[in-house]
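Summary of the model geometry
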Amino acid sequence: MGIFSRLFKRRKLELRLLHAGLELLKQRVEHLESLLAAATFPDSETVERLSKFAGESLAIQTMSLTIPGTLVAVHSDNFEIRDTNRRLVFIPAAKIISVTFDNK
């Protein structure tokens, strides 16, 4: 076996190892993306569940304030409410600490 044949086989093996490593990294990134998607608020299930409360009175708590109003819509990145002054308010989901519905 000549030197070029051995070099070719060695490079071919290195290429296979690199490809396997790349596939493993791809799988790990996909796994992390799915974990991140599951950890975001609100997830699609929560959006669907909370959307059923449109028209209900609620209070949304953020770090700095509590905003009372009526739920208009729930989106993947924000809550849309009509505040007590009848203004339409969009509250970023990332800022929400809690949502409390008025149980009259």
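For the structure, check the block above.
Structure report, in brief. (Residues numbered from 1 in each chain as written. Predicted model: local features only at pLDDT ≥ 70, side-chain atom pairs only at ≥ 80, totals over all residues. Heavy atoms only, no water.)

Digging into the overall build of the protein chain
Across its full length, the protein chain holds two helices and five strands. Here the C-alpha atoms of the protein chain give a radius of gyration of 26 Å, more than 25% beyond the 13 Å that 2.2 N^0.38 yields for 104 residues. Its C-alpha atoms give the protein chain principal-axis dimensions of roughly 85 × 25 × 20 Å. In the protein chain, buried positions account for 18% of the 104 residues. Sequence separation of at least 24 residues holds for 39% of the intrachain contacts in the protein chain that already meet a minimum separation of 6. (Helix = DSSP H or I, 4+ residues; strand = E, 2+ residues; numbered from the N terminus. Rg over C-alpha atoms; globule rule 2.2 N^0.38 Å. Buried < 20%, exposed > 50% of the residue type's maximum accessible area, 1.4 Å probe, protein only. Contact = heavy atoms within 4.5 Å.)

Comments concerning the side chain of Glu80
Structurally, Glu80 is set in strand β3 (residues 78-83). Despite being buried, Glu80 has no salt bridge partner; Arg82 is the closest side chain of opposite charge, sitting 6.2 Å away. At 2.8 Å, the side chain of Glu80 and the side chain of His75 are in polar contact. Excluding residues within four positions of it along the chain, Glu80 makes contact with Thr70, Leu71, Val72, Ala73, His75, Leu88, Val89 and Phe90. (Lys, Arg positive; Asp, Glu negative; His and termini not counted. Salt bridge = Lys/Arg side-chain N within 4 Å of Asp/Glu carboxyl O. Polar contact = N/O pair within 3.5 Å; in protein donor to acceptor, adjacent residues only side chain to side chain.)

Some details on the nonpolar core
Judged by nonpolar contacts, Val47, Leu50, Leu58, Ile60, Ile67, Leu71, Val74, Phe79, Ile81, Ile91 and Ile96 together constitute the single largest core of 11 residues. Of all the elements in the fold, those that place two or more residues in this core are α2 (44-51), β1 (57-62), β2 (66-74) and β3. No other element matches the three residues that β2 contributes to this core. (Core = buried A, V, L, I, M, F, W, Y, C linked by side-chain atoms within 4.5 Å.)

Some thoughts on unusual backbone geometry
Positioned with a positive phi, Arg86 is a non-glycine residue whose angle comes to about 70 degrees. Assignment of secondary structure puts Arg86 in the loop between β3 and β4 (88-92).

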